[in-house]
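Chain and residue survey
The primary structure of each chain is shown beneath.
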2 protein chains.
Amino acid sequence: MTRRTPLILIASLLLCHAAAAQTVNSVREYRRANEHRIFSEFVQLLSLPNVASDRENIRRNAAKIVEMMNARGLKPQLLEAATANVPPAVYGEWKVPGAARTVVFYAHYDGQPTDPAKWTGTRPWEPTLRDAPFETGGKILPMPAASDSVNPEWRLYARSSSDDKAGVMAILTAFDALKAKGITPTVNLKFFFEGEEEAGSPHIVEIMSRHRELLAADAWIVCDGPVHQSGRKQVVFGVRGDTNVDVTVYGAKRPLHSGHYGNWSPNPALILVKLLASMKDDAGRVAIPGWYDDAEPLGAAERRAIADAPAYDEQLRKELGIARPEGGGKSLLELINQPSLNINGITSAETGALSRNVIPTTATAALDLRLVKGNDYRRQVARLTEHVKRQGFHVVDRDPTDAERAAHPLIAKVTNRPGGYNAERTPMDLPVSLSVVEAVQATSEQKIVRMPTLGGSLPLSLIRETLNVPTITVPIANYDNNQHAENENIRLQNLWDGIDTYAALMTMRPPTK
Amino acid sequence: MTRRTPLILIASLLLCHAAAAQTVNSVREYRRANEHRIFSEFVQLLSLPNVASDRENIRRNAAKIVEMMNARGLKPQLLEAATANVPPAVYGEWKVPGAARTVVFYAHYDGQPTDPAKWTGTRPWEPTLRDAPFETGGKILPMPAASDSVNPEWRLYARSSSDDKAGVMAILTAFDALKAKGITPTVNLKFFFEGEEEAGSPHIVEIMSRHRELLAADAWIVCDGPVHQSGRKQVVFGVRGDTNVDVTVYGAKRPLHSGHYGNWSPNPALILVKLLASMKDDAGRVAIPGWYDDAEPLGAAERRAIADAPAYDEQLRKELGIARPEGGGKSLLELINQPSLNINGITSAETGALSRNVIPTTATAALDLRLVKGNDYRRQVARLTEHVKRQGFHVVDRDPTDAERAAHPLIAKVTNRPGGYNAERTPMDLPVSLSVVEAVQATSEQKIVRMPTLGGSLPLSLIRETLNVPTITVPIANYDNNQHAENENIRLQNLWDGIDTYAALMTMRPPTK
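Procedures and definitions
- Residues numbered from 1 in each chain as written.
- Chains lettered and ligands numbered in written order.
- Predicted model: local features only at pLDDT ≥ 70, side-chain atom pairs only at ≥ 80, totals over all residues.
- Helix = DSSP H or I, 4+ residues; strand = E, 2+ residues; numbered from the N terminus.
- Rg over C-alpha atoms; globule rule 2.2 N^0.38 Å.
- Buried ≥ 20, exposed ≤ 12 C-beta atoms within 10 Å, placed from the backbone.
- Contact = placed C-beta atoms within 7 Å.
- Nonpolar A, V, L, I, M, F, W, Y, C, P; charged D, E, K, R; others polar.
- Pairing = 2+ DSSP bridges.
- pLDDT = per-residue confidence, 0-100.
- Axes fitted to C-alpha atoms, helices over the stretch in contact; angles between N-to-C directions.
- Expected span 1.5 Å × (residues − 1).
- Arc of directions from axis to C-beta.
- Domains from an automatic or database assignment.
- Least-squares fit on C-alpha atoms with pLDDT ≥ 70 in both.
- Parallel < 35°, antiparallel > 145°, perpendicular 65-115°, else oblique.
- Left-handed = near helix turned anticlockwise from the far one by under 90°.

What chain A contains, in helices and strands, is 14 helices and 21 strands. Computed over its C-alpha atoms, the radius of gyration of chain A comes to 24 Å, within 12% of the 24 Å expected for a compact globule of 513 residues. In terms of its C-alpha atoms, chain A occupies a principal-axis envelope of roughly 85 × 50 × 50 Å. Residue burial in chain A is summarised as follows: out of 513 residues, 56% are buried. Here the analysis covers contacts within chain A between residues at least 6 apart in sequence; of these, 80% occur between residues at least 24 apart.

Below is the structure:
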């Protein structure tokens, strides 16, 4: 680009803009004419239970995606790991004669585990339409007939409706639209749909290593996560790392009647609350020594991008019913650039209707540790474990033996779940970074948001470390999708917008500046 | 007794002992000859789900007990509360011509709620025999045929096998044995089987008030709870009071992705652990101001009885795998004479296979407060609530409104479940107290234990306050029965011993000293 004259540059820029605008219009035209078919195919995909540990059903999902890709001529294949019987990745490709660059489009088809009983009025794998979010009184609607129009503000409720079958659907439908409208992609397309991202991607390195040549590319574009809370589209250049730690503490070997033994037999629920309370201060800051030491400070470009991002904390605070956020006054965007320690859940015996007057035998907390650039997840887990020891606990990695129980008043089982990984950040000034920003901007009248890092985590460090390729994340889901929780949903307009976005990415051009 | 001459006293004493010994032998003879029939009837009773809130099934239990009492000629009737559709008490009676005293025999037929999925190998309402406790490797046995002998060390697993259908069964079978052997009870017998004791007896006062004349008696003998941990029989003169408090704290209104919002959105699990940690010190002593202020010190007779009780803490400690009990070195018996605050359970989102990387929306603790003589449960709950307020919480009694969420960073819902009651203690030197001790002692070669109070709770203060009658508790269950927890069981010998005990109580005589 640098050798062109300004005049040619301007001409090229105008042509590009015109071409991009034409592409967006064509894609929208296609989508409007095919909404019911797209919707129906999505509902079929969402009807398949997709927890990665449910090995039988997860393969039914993979088979469905193979069927969808076959119908599009994408030559699908299952990429298996070396380990037997783990969820395969589904791969497909579309070569473009003369294309100089190759881009892998990533999404994942597995979803977070969920307790169907906790869903309100709908079930995780029975996709259901509502006319608005259920939290604001949205009513359940009948599924639309082929002749019905679909209101883009409607919400489709199902596990993975946003995270991340929306990604699979947007990518494959964007391809349909280009093909139907005779628009040739500018890059060779490869598709990689992972099947155990929500389990921490324990086999993605195996799969990538075994299929290194097939997966060769200039960049991976990752469709996962929500758009900005303001509703603006965003391009994200990094993700936090993540690892999960489970902590269990022990009381008597038998559940005991709280009347006969209370005041005497140690209560593991009390032991756990004391331990967890020691890990963070009242403002939510982690009190474990060294927790913040390794985090690399943000650079100038990243600080500028954060400053440019829409101010949204105040609206979010009101909407979520939060009187005082954690973090001592720092903004959400600043805070997601710090490592975190979050309690995902605590269980000890029962509460509510099933609660009984017992002293529980154990108490368990599920923790997740988010990591930023500079952190290593193994080092953070070691710091956490050291902290538990300093609180007087004998630390084990399985249930204690009788001899250990006899010897140690305080015992904690601390286990690091498989599948942890570190944070990743792609430079914002690479040519492909600039191309992606321009392609996405061309689909939106609002200024898109450029984020140095998403708060969420994806195994992007594993992709770069294994395949030596940069990753850029372009999310599409509505931010209020109840991701990872019960009542997950997608706003249909977000799926429609996602189709535009991914068609634009498949036809992206070299950066104009 | 005081006017008799010493010679007559001795003769009477010998006669009494001889009569008591004869009764025990006859009752055992009856039981040995009818073990299979007793066992079968018990299994039928245990097969009926009996959680008090399960209104349909609880009435099936009452109907079964009516049927059992009809078969014995005990003229059963259901005593209903004034409130509609609550579990009835089942009442029956047997008048003894010339008897000067009337005793009500109490047990309860409802059981604690339980999660069937947490039972190990058996289900709560499918009674199952094991050859030993499952914790020590006990194997499941087929149900014995009529011709099979029954090993008294076997355990019968079922909800309420110990607590407290064993009470119903022992009382009704003791009566069978006396009747079959032609032994006339020494007192008029009344039977009162409650149907919602485990729910905190919310309607027992209503029922007693409506049937005051029917229930007139000189004493109530209560069959509930375990024998002493040493295996010795015990007579208990008091119980602790009890009340339950549920505490829920709040985070954002929606479950949030811990990556996108962790470090910024308040985590209710963290808020709860901080709050609970503030309630007790590391040794388990309650840190809420005034908690121990109202407890009446033990009198000389009670201190003597505690000193006389077998030293059992050390063995219990080993058996339960407890390296260091709470209480700073005080004995279990001393500690149950102090008020307590116990965490029965904590839940916030999920742990284990269902855990997800979320920030929970709420965190809940179930607490029970045990009370000793001098405490008032309303006053203890007020102290707890004040403590929560002093930790900076806005306290509500239902979920907070949006306006409350906006105004208060910390909100706690603190609710006191219906059905709380105070502690009760009957003087150990009443004539009926002495009679009961002698009757139970006559069935045992080991010295029985006299306890000023049980650690557990029964609504005995309500009985005395409503009917102006003393209560004495004579438990029969094995102490390792997993009372209130999953895998509840009874050791068959404890049921057999309980039959002896209750037959002795139905034929008790005035005290000899």
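Let's shift gears to the interface of chain B and chain A. The partner chain A presents 83 residues to the 84 residues of chain B that form the contact. Breaking the side of chain B that touches chain A down by element, the ones donating at least two residues are strand 11 (241-250), helix 5 (258-261), helix 6 (268-277), helix 9 (332-335), strand 13 (340-349), strand 14 (358-359), strand 15 (362-371) and helix 11 (402-407) of chain B. Counted by class, the side of chain B that touches chain A contains 33 nonpolar, 31 polar and 20 charged residues. As paired strands, strand 12 (residues 340-349) of chain A and strand 13 of chain B are joined by 5 bridges and run antiparallel to one another. Residue pairing for strand 13 of chain B: serine 348 of chain A is matched across the bridge by isoleucine 346 of chain B.

Now for the confidence of the model for chain A. All names here are of chain A. In this model, chain A carries an average pLDDT of 93, and 97% of its residues clear a pLDDT of 70 or more. Taken as a whole, residues 1-5 scores under 50 in pLDDT and shows 3 contacts with residues more than four places along the chain or in a different chain. Confidence estimates for the predicted assembly give a pTM of 0.76 and an ipTM of 0.77.

Attention shifts here to the sheet that holds strand 6 (residues 155-157) of chain B. One key point about sheets: their strands pair by backbone hydrogen bonds, in either a parallel or an antiparallel sense. Residue and element names in this part refer to chain B. Strand order in the open sheet formed by 4 strands is 5-4-6-21, with antiparallel pairing between adjacent strands. Across the chains shown, the open sheet's two edge strands, defined by having one partner strand only, are strand 5 (140-141) and strand 21 (489-491). Pairing geometry for strand 6 and strand 21, over 3 bridges, is antiparallel. In the sheet register, tyrosine 157 faces strand 21, and the bridge partner there is asparagine 489. Across the sheet, helix 14 (residues 492-506) is in contact with strand 6 and strand 21; its angle to strand 21 comes to roughly 65 degrees.

We now examine helix 2 (residues 55-71) of chain A. All names here are of chain A. Taking 1.5 Å as the rise per residue, helix 2 with 17 residues should run 24 Å; its terminal C-alpha atoms sit 25 Å apart, in good agreement. For helix 2, every residue scored as buried is listed here: Ile58, Asn61, Ala62, Lys64, Ile65, Met68 and Met69. An end-on view of helix 2 places all buried positions within 155 degrees of arc, on one side of the element. Of the exposed residues in helix 2, those oriented more than 90 degrees away from the buried face are Glu56, Glu67, Asn70 and Ala71. Remark: glycine 73 follows helix 2 within two positions and exhibits a positive phi of approximately 75 degrees.

Below, the discussion takes up the sheet that holds strand 4 (residues 128-130) of chain A. Residue and element names in this part refer to chain A. On the basis of which strands lie adjacent, the open sheet formed by 4 strands has the order 5-4-6-21 and antiparallel pairing. Edge positions in the sheet fall to strand 5 (140-141) and strand 21 (489-491), since each of these pairs with one other strand and no more. Each of strand 6 (155-157) and strand 21 touches helix 14 (residues 492-506); the most contacted strand, strand 21, lies at about 70 degrees to it.

What follows covers the pairing of strand 3 (residues 102-108) of chain B. All names here are of chain B. When you tally the buried positions in strand 3, you get 6 out of 7 residues, the bulk of the element. Alignment of strand 3 against strand 7 (residues 188-194), held across 7 bridges, turns out to be parallel. Following the sheet pairing, phenylalanine 105 is matched in strand 7 by phenylalanine 191. Strand direction decides the pairing type here: strand 3 and strand 8 (residues 219-222), joined by 4 bridges, are parallel. Note that in strand 8 the partner of valine 104 across the bridge is tryptophan 220.

Let's shift gears to the domain arrangement of chain A. Residue and element names in this part refer to chain A. Under the domain assignment used here, chain A contains domain 1 (13-237 + 426-506) and domain 2 (241-316 + 333-416). At the interface, 13 residues of domain 1 touch 14 residues of domain 2. Of all the secondary structure elements, the ones that give two or more residues to the side of domain 1 that touches domain 2 are strand 18 (449-451) and strand 19 (454-457). With 3 residues, the single largest contributor to the side of domain 1 that touches domain 2 is strand 18.

On to the relation of the copies chain B and chain A. Rotating chain B by 180 degrees about the axis while translating it 0.0 Å along that axis superimposes it on chain A, leaving an RMSD of 0.0 Å. A rotation of that kind, with that shift, is consistent with a two-fold axis. Interface overlap between copies: 99% of the residues of chain B at the interface are likewise at the interface in chain A, consistent with a symmetric, same-surface contact.

For the rest of this paragraph, the subject is the pairing of strand 2 (residues 89-94) of chain B. All names here are of chain B. Burial within strand 2 is extensive, with 5 of its 6 residues counted as buried. The pairing of strand 1 (residues 77-79) with strand 2 spans 3 bridges and is classified as antiparallel. Looking at the pairing, glutamine 77 lines up with tyrosine 91 of strand 2. Strand direction decides the pairing type here: strand 2 and strand 7, joined by 5 bridges, are antiparallel. Pairing of tryptophan 94 across the sheet is with leucine 189, part of strand 7.

Residues and elements named next belong to chain B. Close contact between helix 12 (residues 431-441) and helix 14 brings their axes to 8 Å; oriented N to C, the two are set at 135 degrees. On the basis of their axis angle, the class for helix 12 and helix 14 is oblique. When you trace helix 12 past helix 14, the crossing you get is right-handed. For the pair helix 12 and helix 14, the contacting residues are Val436, Ala439 and Val440 in the first and Thr501, Ala504 and Leu505 in the second.

Residues and elements named next belong to chain A. With respect to the helices and strands, threonine 361 occurs in the loop between strand 13 (358-359) and strand 14 (362-371). With 20 C-beta atoms counted inside 10 Å, the residue threonine 361 sits in the buried group. Counting along the chain gives 92 residues from threonine 361 to alanine 269, while the straight-line C-alpha distance between them is 8.7 Å. Apart from the residues within four sequence positions on either side, threonine 361 is in contact with Gly251, Ala252, Lys253, Arg254, Pro255 and Pro268.

Backbone torsion omega between aspartate 163 of chain A and aspartate 164 of chain A reads 15 degrees, so that peptide bond is classified as cis. One can find aspartate 164 of chain A in the loop between strand 6 and helix 3 (165-180). Of note in the backbone geometry, serine 160 of chain A takes a positive phi value of approximately 70 degrees without being a glycine. By the secondary structure assignment, serine 160 of chain A is in the loop between strand 6 and helix 3. A positive phi angle, close to 55 degrees, is found at asparagine 85 of chain B, a residue other than glycine. Take asparagine 85 of chain B: it is sitting in the loop between strand 1 and strand 2.

With that out of the way, let us pick up the environment of threonine 361 of chain B. The class of threonine 361 of chain B is partly exposed, set by 19 C-beta atoms lying within 10 Å. Here the alpha-carbon distance between threonine 361 of chain B and tryptophan 496 of chain B, two residues 135 residues apart in the chain, equals 51 Å.

Before going further, it helps to examine the environment of arginine 390 of chain B. Residues and elements named next belong to chain B. Tracing the backbone through its elements, the reader meets arginine 390 in helix 10 (residues 377-390). For arginine 390, a count of 11 C-beta atoms within 10 Å puts it in the exposed group. Remark: the alpha-carbon pair of arginine 390 and proline 400, spanning 10 residues in sequence, is separated by 19 Å.

Moving on, we come to the packing of helix 3 of chain A against helix 14 of chain A. Residue and element names in this part refer to chain A. The interhelical angle for the contact between helix 3 and helix 14, taken along N-to-C directions, is 60 degrees, at an axis separation of 8 Å. It follows that helix 3 is oblique to helix 14 by the angle criterion. The two elements helix 3 and helix 14 cross, and the hand of that crossing is right-handed. Within the contact between the two elements, helix 3 uses Ala166, Met169, Ala170, Ile171, Thr173, Ala174, Phe175, Ala177 and Leu178 and helix 14 uses Leu495, Gly498, Ile499, Tyr502, Ala503 and Met506.

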